[in-house]
Every structure is written in structure tokens, then in C-alpha cells.
Amino acid sequence: MTNIPERRLVIGFAAVLAAWSLSSCDGGGGDGGGDADADADGDSDSDSDSDGDGDPGAGLVGTWGALHVTAVVVDTGIPLLGQQWSSARTWSLVEIASDGAGGLTLTERPCMSKVKTGTAGSHVEVPQSMFQHLKPVTRHVSVDSGAPGAAFVSDVAFSVRGANLCDPVNDPLPSGPAPIDDSTSCDQECTDSHCDEDQDGHPGVTSHVTVNIPLLNIECSVYAAARGWSRLSGAVIDADTIAGAVVDWGSEQVVLAATRQLCVSTSQAQPDGCPGHHYFKMVRLGAGGTCADVLALTDCDEDEHACDADAVLPLDPNNDTQGCDG
């Protein structure tokens, strides 16, 4: 298992935190709409090795839609804002492959992220165009079975956004300031420097921040380099559903540039202390599934900042509240 370097969890005032990395309260089941038969031999049981091929992970191979959620409390250092609660939710298209002996490789391609804040009138927008350019995240899981109740625990996966690091785990993130119009490509040999990963003509990756509260009105764009890490600790629910907790997770960020100086500042953040706000859920998709199929399992509009908390769907973002159920 990958060792997690000791790092202070820091985010920019406008940070998306772990929205690019991984993470969410309900670990329950739900029908992913796929074929309930997970076996290559065509029977109806969910034992991934029922056909005797020696691969306990065979039944989990395929295309999945995934939701990862984490939540933090941010000490902004700004008197009018104080501490702020924020939840980052990311939906991904996941391809699971097996090495034939129970070793699974998950390739996660982010499709959409939403950042929910606890302050009315405030939000962080992650441009949907960014997801056309983000590199996939790879994680590894070793399973003894694909049957319901089987453990599904991954290694720690790292993702680096807006920087071209030679060692993605240990090298420090590049620091700012950077020219606001820097569009250096990320598709090159490692340079340990920032790059324009979302290809919008600005350094790092871009998020847009709006804060509208009495006596404070802020709108700005933030260009940042970030690194996130997390591990999945869950179980197979049924042939079409995997769910559990996001653990050993964190994020660090360096603001490279911003359209307002106030948004260049960094803020301390910690997990919000509610285990129910740090979870993942995966549901099986049909062969050839796409991000459009993943997003069809949510109630989130790409053009809206929030989601309909009343809907109950296979990848329902039920973390639209700050309340903690333990």
C-alpha cells in the first residue's frame, strides 16, 4: 500500500479541495441498471469465480459509474466568513480490469464535479469544459471474491492537477505567482512546474468563486495546482453495486494566480468530522458506457451549482446538507 506523506491540508480561499481526487454518506445498494449476471458463464449468481477460471475478480470487470464525496470545514481567516463547510463531489467513468488473479486496476476518468458550500449565496464552480482534458486516476484493488459482502479496499491513489511533477507523490507543488495568461502545455516530459491542464489559456486548473453575503461580495477566478489522495474502503453490495467509505484522504493546493488578490490567500481546512460525508458508490454500466451515462444516474444539471436533494437516483448526491448522522 502506498505510504501517504505527511502534509498539512491546505486549500485556497476558492479551493475545490478534493473535487479532482476522490470521494461520499450512503454506502447502500441500489440498482445500477446493468445486467445482474456478473458471470461470463451466463449463470445468475454473483460469485466472480463460479466458472472455475481462477480469477476471483472476473465478475467485477467492466464499466462503472462512480461518485466520490468528501467534506471539509475551512478556516478562511476572513472575519466576515469565519469557518466554512464545503463538500466536493466528483462523478467518474470507471473501467475495471483484472490481472486474472484477483488484482483489479481501476481507471477513473472524471466526468463532473460539484462543490457545495454552507453559505447561502456562495459557490465554487468547476467549469465543465475542464473534464475533457483531465488525466485519469488509477487505483488498485485486490479481491478474494466478487460475491456480495466481499471486501473492496484500494491502495492510496494520487492525482495531480495543473502541474507536471516528476514524482507525483513526493515532489512539491510549484509555487506562484504565475502569469495569468500562461498556457504551458502539460503534455511534455516532467518539469516540476505548473502547466495549463484544462487548456483554457491560464495556469493550472481553473475554478470560479462567488461569495455574496452582507458586507462582502466577491467574484473571482482562481488558477491553481493541486494534489489529492484517497483510498476506498468498502464492499461489494451486489453484482452491480460497490460502496463504502473514502478514507486516508486529503488535498493540497497552491494558488498560482487569481483575478483578485484576496483569492490568492490560502486557508486551513480539516475533514468535517462526519463519517457519513466521506463515501463512494459505484454502479455498473453497460458495455461502452460514457460520462453521459454516468451523469444520467444523478440529478445534477451541468449548468447548475447545486443538485436536487429530494431525488433518489443510483448516484444520488445525498450530501446536500451539513447535518451529521454519525
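Fair warning: this is a prediction, and the values are worked out from it, not measured in the lab. (Residues numbered from 1 in each chain as written. Predicted model: local features only at pLDDT ≥ 70, side-chain atom pairs only at ≥ 80, totals over all residues. Heavy atoms only, no water.)

**A closer look at the layout of surface pockets**
Part 1: As a volume, the largest pocket reaches approximately 310 Å³.
Part 2: Taken together, 19 residues make up the lining of the largest pocket; nearest its centre are K135, F158, S159, V160 and P168.
Part 3: Going through the elements one at a time, β6 (137-142), β8 (157-161) and β9 (163-164) are the ones with two or more residues in the lining of the largest pocket.
Part 4: Among the elements that make up the lining of the largest pocket, the one with the highest residue count is β8 (five residues).
Part 5: Residues that form the lining of the largest pocket fall into these classes: 10 nonpolar, four polar and five charged. (1 Å grid on protein atoms, 1.4 Å probe; cavity = no way out; pocket = protein on both sides within 12 Å on 5 of 7 lines; lining within 4 Å. Points joined across faces, edges and corners; volume = space filled by probe spheres on them. Helix = DSSP H or I, 4+ residues; strand = E, 2+ residues; numbered from the N terminus. Nonpolar A, V, L, I, M, F, W, Y, C, P; charged D, E, K, R; others polar.)

**Re the pairing of strand β2 (residues 62-75)**
Part 1: Taken across its 14 residues, β2 has 12 buried, putting it largely inside the fold.
Part 2: Sheet analysis places β2 next to strand β15 (residues 279-284), joined by six bridges and oriented antiparallel. Following the sheet pairing, W64 is matched in β15 by R284. (Buried < 20%, exposed > 50% of the residue type's maximum accessible area, 1.4 Å probe, protein only. Pairing = 2+ DSSP bridges.)

**Notes on the confidence of the model for the chain**
Part 1: Predicted confidence across the chain gives a mean pLDDT of 79, with 74% of residues reaching 70 or more.
Part 2: Least confident of the elements in the chain is strand β1 (residues 10-12), whose mean pLDDT is 35; most confident is strand β7 (residues 151-153), at 98. (pLDDT = per-residue confidence, 0-100.)

**Looking at the nonpolar core**
Part 1: Core analysis: the largest hydrophobic core is formed by 21 residues, its most contacted members being L60, L104, L106, F152 and M282.
Part 2: Secondary structure elements with two or more residues in this core: β2, β3 (83-98), β4 (103-117), β12 (216-238), β13 (241-258) and β15.
Part 3: For this core, the element with the most residues is β2, which contributes four residues.
Part 4: Leave out the neighbours within four places in its chain, and L104 touches G57, L60, I96, A97, S98, R139, H140, V141, V143 and F152.
Part 5: If you look at the next biggest cluster of nonpolar residues, it comprises 15 residues, including L93, M112, Y279 and L297. (Core = buried A, V, L, I, M, F, W, Y, C linked by side-chain atoms within 4.5 Å. Contact = heavy atoms within 4.5 Å.)

**Notes on the state of the cysteines**
Part 1: One pass over the structure, following the stated rule, counts three disulfides.
Part 2: Disulfide partner of C166: C190, at an S-S distance of 2.3 Å. The S-S bond linking C166 to C190 shows a torsion near 90°; that makes this disulfide right-handed. Separated by 24 residues along the polypeptide, C166 in the loop between β9 and β10 (193-194) and C190 in the loop between β9 and β10 bring together distant segments of the chain. (Disulfide = S-S within 2.5 Å.)

**Digging into the pattern of salt bridges**
Any two side chains of opposite charge can pair, on the condition that their charged atoms come close.
Part 1: Throughout the structure, instances matching the rule amount to five salt bridges.
Part 2: The salt bridge partner of E197 is R161, with a shortest N-O separation of 3.5 Å. Here R161 lies in strand β8 and E197 lies in the loop between β10 and β11 (205-213), a separation of 36 residues in the sequence.
Part 3: The exposure class assigned to R161 is buried, which follows from its relative accessible area of 2%.
Part 4: For the salt bridge of D248 with R231, the shortest nitrogen-to-oxygen distance reads 2.7 Å. Here R231 lies in strand β12 and D248 lies in strand β13, a separation of 17 residues in the sequence.
Part 5: Accessibility expressed as a relative area gives 35% for D248, which makes it partly exposed.
Part 6: Accessibility expressed as a relative area gives 14% for R231, which makes it buried. (Salt bridge = Lys/Arg side-chain N within 4 Å of Asp/Glu carboxyl O.)

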